[in-house]
Amino acid sequence: MGELLDAVLRCLIVLGAFLTLPLLVGQMEHKAMAHMQSRVGPMAAGGFHGWAQLVADGIKFVQKESITPAAADRRVFELAPAVALVPYLVAMLAIPLGPFFGQTNLIGQDLDLGLFFVLAAMSVGVLGTLMGGLGSGNKYSYIGGMRVAAQLMSYELPMVLAAASVAMAAGTLSLVGIAQEWEPWWLLTQLPGLVVFFVAGLAELQRPPFDAPLADAELVMGPLTEYGGMRFAMFLLAEYAGIVVLAALTTVLFLGGWAGPWSDHLGWVWSLLKIVAVSFLVIWARVAYPRLREDQVNALAWKVLVPVALAQVTLTTVLVVA
Amino acid sequence: MTLTEIVFLVFAVIAVGSALLSMTSGQLVHAALWLVVTLGAVAGCFVLMTAEFVAWVQVLVYVGSVVVLVIFALMLTRQPSGARSAEVTGNRWVAAVLGAAAAIGLGATMVAGFGGEQIEGRRIGTAGSIGDALFNDWVLPFEILSGVLLAALIGAIVISRSGSDR
Amino acid sequence: MSGSFWGKGLLQGLAVTWRNLTHRSVTAHYPDVEPDLPPRSRGVIALQEENCTSCMLCARECPSWCITIDSHKEVIPAATEGGRDRSQNVLDQFDIDYSICMYCSICIEVCPFDALHWSPEFAYAEGDLKDLTHDMNRLRTWMDTVPPPQPLDPGAEQGKELDSYRASQAAEAAEAAQPAEEES
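Predicted model only: the values in this text are computed from it and were never measured.

What counts and how
- Residues numbered from 1 in each chain as written.
- Chains lettered and ligands numbered in written order.
- Predicted model: local features only at pLDDT ≥ 70, side-chain atom pairs only at ≥ 80, totals over all residues.
- Heavy atoms only, no water.
- Domains from an automatic or database assignment.
- pLDDT = per-residue confidence, 0-100.
- Helix = DSSP H or I, 4+ residues; strand = E, 2+ residues; numbered from the N terminus.
- Contact = heavy atoms within 4.5 Å.
- Axes fitted to C-alpha atoms, helices over the stretch in contact; angles between N-to-C directions.
- Parallel < 35°, antiparallel > 145°, perpendicular 65-115°, else oblique.
- Left-handed = near helix turned anticlockwise from the far one by under 90°.
- Nonpolar A, V, L, I, M, F, W, Y, C, P; charged D, E, K, R; others polar.
- Buried area = accessible area lost by both parts, 1.4 Å probe.
- Salt bridge = Lys/Arg side-chain N within 4 Å of Asp/Glu carboxyl O.
- Polar contact = N/O pair within 3.5 Å; in protein donor to acceptor, adjacent residues only side chain to side chain.
- Phe/Tyr/Trp six-rings, centres within 6.5 Å; stacked < 30°, edge-to-face > 60°.
- Buried < 20%, exposed > 50% of the residue type's maximum accessible area, 1.4 Å probe, protein only.

1. Points about the domain arrangement of chain B
- Under the domain assignment used here, chain B contains domain 1 (1-86) and domain 2 (126-166).
- When each unit is reduced to the centre of its C-alpha atoms, the spacing between domain 1 of chain B and domain 2 of chain B is 23 Å.

2. Remarks on the confidence of the model for chain A
- Summing up the model confidence of chain A, the mean pLDDT is 89 and the portion of residues at 70 or higher is 98%.
- Taken element by element, chain A is modelled with least confidence in helix α4 (residues 114-135) of chain A, mean pLDDT 89, and with most confidence in helix α8 (residues 191-204) of chain A, mean pLDDT 94.

3. Considerations on the side chain of Q58(B)
- Its place among the elements puts Q58(B) in helix α3 (residues 52-77).
- In contact with Q58(B), not counting residues within four places along its chain, are L39(B), V42(B), A43(B), F46(B) and V63(B).

4. A word on the packing of helix α5 (residues 139-170) of chain A against α8(A)
Residue and element names in this part refer to chain A.
- Direction vectors running N to C along α5 and α8 enclose 150°, while the axes themselves pass 8 Å from each other. Our classification of the angle between α5 and α8 gives roughly antiparallel. Handedness of the crossing formed by α5 with α8: left-handed. Within the contact between the two elements, α5 uses Q151, L152, Y155, E156, P158, M159, A162 and A163 and α8 uses G193, V196, F197, A200, G201, A203 and E204.
- Among the residues making up the contact of α5 with α8, the classes are represented as 10 nonpolar, three polar and two charged.

5. Focus: the interface of chain A and chain C
- Taken together, the contacts link 12 residues of chain A with 12 residues of chain C.
- Carbon and sulfur atoms make up 70% of the surface buried where chain A meets chain C, a total of about 1100 Å² over both sides.
- Scanning the region where chain A abuts chain C turns up zero salt bridges.
- At the boundary of chain A and chain C, one finds four residue pairs in polar contact (both at pLDDT 80 or more).
- Mapped onto the side of chain A that touches chain C, the elements with two or more residues apiece are α1 (2-36) and α10 (263-288) of chain A.

6. Some details on the packing of aromatic side chains
- Following the criterion strictly, the structure yields 16 aromatic pairs over all chains and no others.
- Plain terms: the ring middles of F197(A) and F254(A) are 5.5 Å apart, the flat faces sit at 45° to each other, and that makes the pair tilted. Residue F197(A) is found in helix α8, and its partner F254(A) is found in helix α9 (residues 229-254); the two are separated by 57 residues along the sequence.
- Taking 6.1 Å as the distance between ring centres and 50° as the angle between the ring planes, the aromatic pair formed by Y30(C) and F122(C) counts as tilted. Placement of the pair is Y30(C) in the loop between α1 (8-22) and β1 (44-47) and F122(C) in the loop between β4 (116-119) and β5 (133-134), with a sequence separation of 92 residues.
- In this structure Y30(C) comes out as partly exposed when scored by relative accessible area, which is 41%.
- A relative accessible area of 40% means that F122(C) is categorised as partly exposed.

Okay, structure coming up:
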């Protein structure tokens, strides 16, 4: 009984984090992106510098009508947002936050194969956007769906290779184990892997500069064109939840997770700070760089990231064996 | 029947049912998505048999990549959505009979060969144990398989480039 | 900057956005803070009815035909015995349709009697198109918002009347000086 209660409590906490952290990242994006563009961002909602903007957005989305186009494949169209969103919730279950005031790790469930589980869950999320693109009955969505398929498949390989390099260095696939085995000089030896993982993760999330599938000057909104109301909000939540998952994974794998002073009590604070810092990098990349063309996206994946990732794996092998 | 066996039965029924739905579906996209359900159910069966590494590889490779590739190929070659997009020829009844015969034959062979046996010394399928098995007992088939995959990759590149002027 | 290396553009992009992030943004928070408008801002045209003689120059010169004028003559009896009766124009209607007006200021420049003036007021949006036609009374109220005339630029012409006045003043001074010279 105690175990069941424990499991339910952990799931509820993960669900709470899943619903609030993406909103915080979203608000940070509003404000940081605004100031980087010499403007102020939302100021009205909530009174103090528009802190409640995303709450207002949520209410707006809830009260909107969810329209299904006549030419759309009804079932596929309506299921796509759920298929895009749920894998990120599932992935969050296995990512550790660090020691919480002397207790064991804050984590949904520490899996032996944690890293593989998270990567597998993220790869299922791809199907959601693909279903949206195919099922919308819209030419722009169709082309967007094709771009999604090509891009997300191309970038899964460097991402898995970079993650595999860290797993090799740590000797375990468990995320808690990897964070515990982390050494500060890994920042240097795993640096190519870090860059590859981050860039490939950005492309997996279809964040600018890799948002060719959603290019709004070319494809209206790509696979998301026909979506409105709550379904669109689900896709948006999936994007920001993906940013949180990517930041959390980068932190745990490459930045040492909860490493820092007083980590057995404040480890979770260090984790959260690093997640916020990586999310800021994601937002910074969006503002600073123009969109990559579709052929540039694929060329980057296959001609740059895969060789660098393979080189990183080789380097790690040499270091581990030596 | 233990809880594990009941859940295994449920997953197995889901897998077979969605496979049938995939084959009989009138729309290609629906067929591909029922295939996803089938593969996911098979991954669930793997987890129940404590082969967790294989289960997540199944999800990562099959669901995440192979099905996406299938859908991508469909999008490039024909219009996969819309009613009656899955062309059915007149041979489907012959194909169904052959498929049923193959299933019954394989099933009978498995039951006749392995019926009633208990597996000795089963190992939990963690990454470590699979790595041990692969690189100690099964290293030769592993290397041959990687050679076969490399040959397939190179062959695909050659075939796809032979059409263009080079 | 030493030459160019791979990734230089990437770093420059990051540098520009970082600089913008750390500097105060120039956004003016409009509804809470009134905008800082330049001196001769064109917001709305105000009418000084007393000056208007309904000469129709503004209505004729307006490129958009947005001014509608109607008036009648009133007779003012002679002030002295056997004198001529004066006639005076009284405006009945002076409408400017701001849905058509293109704010070119030709009417204001052309008016010989300084009856039309610019005012910097801009917040007169309406819910109905008909309400965008301001009638005589409303145009009169805008006169309260017309700022005093701006000083001319340092090297500018001061205007014909002022120039001829100064010329006549100089001529009188010269004449006054000359007889004084002749006398002495």
